[in-house]
Amino acid sequence: MKIDNEYNEKTYVVEWLKLYKKSIQNFKTFYFNGTYPYRSFSPKVVEFIFNLANELGVDNTVKYQCVELYDRFLSEYFIYKHKKYYNNHSNEWLNILKQSKKQSCLRIISCMLLLSKYAQQSVDIKFKDIEAILQRTGHMYTKKNIRYSETEVLRIVGFKLNEPSIFMLVEYFIDVIPFITTDSLYSTCLLLTDFVYIYHQKLYDRLQNQKTGYKICTYSEKLELLDVEYDKTTTAAAVVVTAFYILNSTDKTNEELCLYLSTLCDKSIDDLLTISTVLISIINSISSGS
């Protein structure tokens, strides 16, 4: 019997998406316990991570996963420290927050080093390069400090380094959509993914504003949008839809693409189009300097 390797690979990635969508449900319940559901990273942090990735020569997989890992680390680290110190040693809380902020560059580098090793990249990241980067940010750390920080990050995130990034899902959609894909589509999606990560909070704040009519939302209102914000499949699908639009695909193709991706994401076509429209409006406003 002849084995169709391409079919097997397609079947594998389809099953992978199903499992990922199930895991998202578990992740979202984490935020229904009173934790304020906001991402930890800012545009400045994301740009630092992207610049660091370029300087160290890691690929896009590590670059985007580093943003995800650092976000997850900060969220879980904050909760860990809050439970441990806030009620019993509240007088130390401000110092703990200051210390965490001071260590942010070290933690980001730890995330990138861990992911580079996990991805088994051939990039040889030397300690002297890491040391030089940390010195530029005004910090002095020994090799022992850096190794300990890696261990701390790994422990806090429960030794889980394989959280999919938005672009990993974008690549999945590019692979499975029944349309001709090009290098231009891939590179456009890459640029859009950069943009989504850098302006993530602006994107979802504007979506929230459209939904509620208010710029400032309550905890309950924020939770209502959580289904879209933390399910990266929807954002990834919207990135692909936006890329097709930018590359001047036909209305018929765009319509068929939205229908296909909305089915994969279990979201409405309106959800995808709304994110895509808001994304384009932010790009236009930044391009025009408004």
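An unreviewed UniProt entry annotates the protein as Cyclin N-terminal domain-containing protein originating from Aphis glycines.

### Side note on the overall build of the protein
A tally of helices and strands in the protein yields 14 helices and zero strands. Here the contacts in the protein between residues at least 6 apart in sequence split such that 80% fall between residues at least 24 apart. In the form shown here, the protein has an accessible surface area of approximately 15900 Å², with 54% of it arising from carbon and sulfur atoms.

### A closer look at a nonpolar patch on the surface
Where nonpolar side chains cluster on the molecular surface, the patch consists of F78, L94 and L97 and spans about 280 Å² of accessible area. Inspection of the secondary structure assignment puts L94 in helix α4 (residues 93-102).

### Brief notes about the pattern of salt bridges
Tallied over the full model, the rule gives seven salt bridges. Residue K63 pairs with D194 through a salt bridge whose shortest N-O separation is 3.1 Å. One end of the pair, K63, is in helix α3 (residues 60-86); the other, D194, is in helix α9 (residues 183-198), with 131 residues separating them in the sequence. R155 is paired through a salt bridge with E152; the nearest N and O atoms lie 3.1 Å apart. Of this pair, R155 and E152 both sit in helix α7 (residues 143-156), three residues apart, which is roughly one turn of the helix. The class for E152 is buried, based on a relative accessible area of 9%. What emerges from the salt-bridge pattern is a single network uniting K117, R147 and E150.

### Remarks on helix α5 (residues 104-118)
If you check α5, its first and last C-alpha atoms are 21 Å apart, about what 15 residues at 1.5 Å a residue would give, namely 21 Å. Of all 15 residues in α5, twelve are buried, a share of seventy percent or more. Taken residue by residue, α5 has C105, L106, R107, I108, I109, S110, C111, M112, L113, L114, L115 and S116 as its buried positions. Where α5 is buried, its residues touch α2 (43-56), α3, α6 (127-136) and α7. Q120, located one to two residues past α5, shows a positive phi value of around 55°.

### Concerning α4
All buried positions along α4 are accounted for by W93, I96 and S100. The buried residues of α4 occupy an angular sector of 60° when the element is viewed end-on, so they sit on one face. Opposite the buried face of α4, at more than 90 degrees from it, the exposed residues are L94, N95, K98, K101 and K102. In this structure, the buried side of α4 is in contact with α3 and α5.

The rules behind these values
By convention here, each chain's residues receive numbers from 1 onward along its written sequence. Owing to the predicted nature of the model, reporting of local features is limited to residues with pLDDT of at least 70; listing and counting of side-chain atom pairs is limited to 80 or more, with chain, interface and lining totals taken over all residues. Based on all heavy atoms of the structure, the side-chain values leave hydrogens and waters out of the count. The numbering of helices and of strands both runs from the N terminus, where a helix is a DSSP run of H or I of at least 4 residues and a strand a run of E of at least 2. Any two residues whose heavy atoms approach within 4.5 Å at even a single point are treated as in contact. Each accessible area value is a Shrake-Rupley result obtained with a 1.4 Å probe; residue values ignore everything except the protein chains displayed when judging cover. Distance thresholds for patches are 9 Å for like charges and 5 Å for nonpolar side chains (Val, Leu, Ile, Met, Phe, Trp, Tyr), applied to residues having over 30% relative accessible area and no salt bridge. By definition here, a salt bridge exists when the distance from a side-chain nitrogen of Lys or Arg to a carboxyl oxygen of Asp or Glu is within 4 Å. Burial here depends on accessible area, computed with a 1.4 Å probe over protein chains only, as a share of the maximum for the residue type. Under 20% is buried, over 50% is exposed, and the range in between is partly exposed. By this rule, a helix spans an expected 1.5 Å times one less than how many residues it contains. Comment: arc refers to directions from the helix axis out to C-beta atoms.

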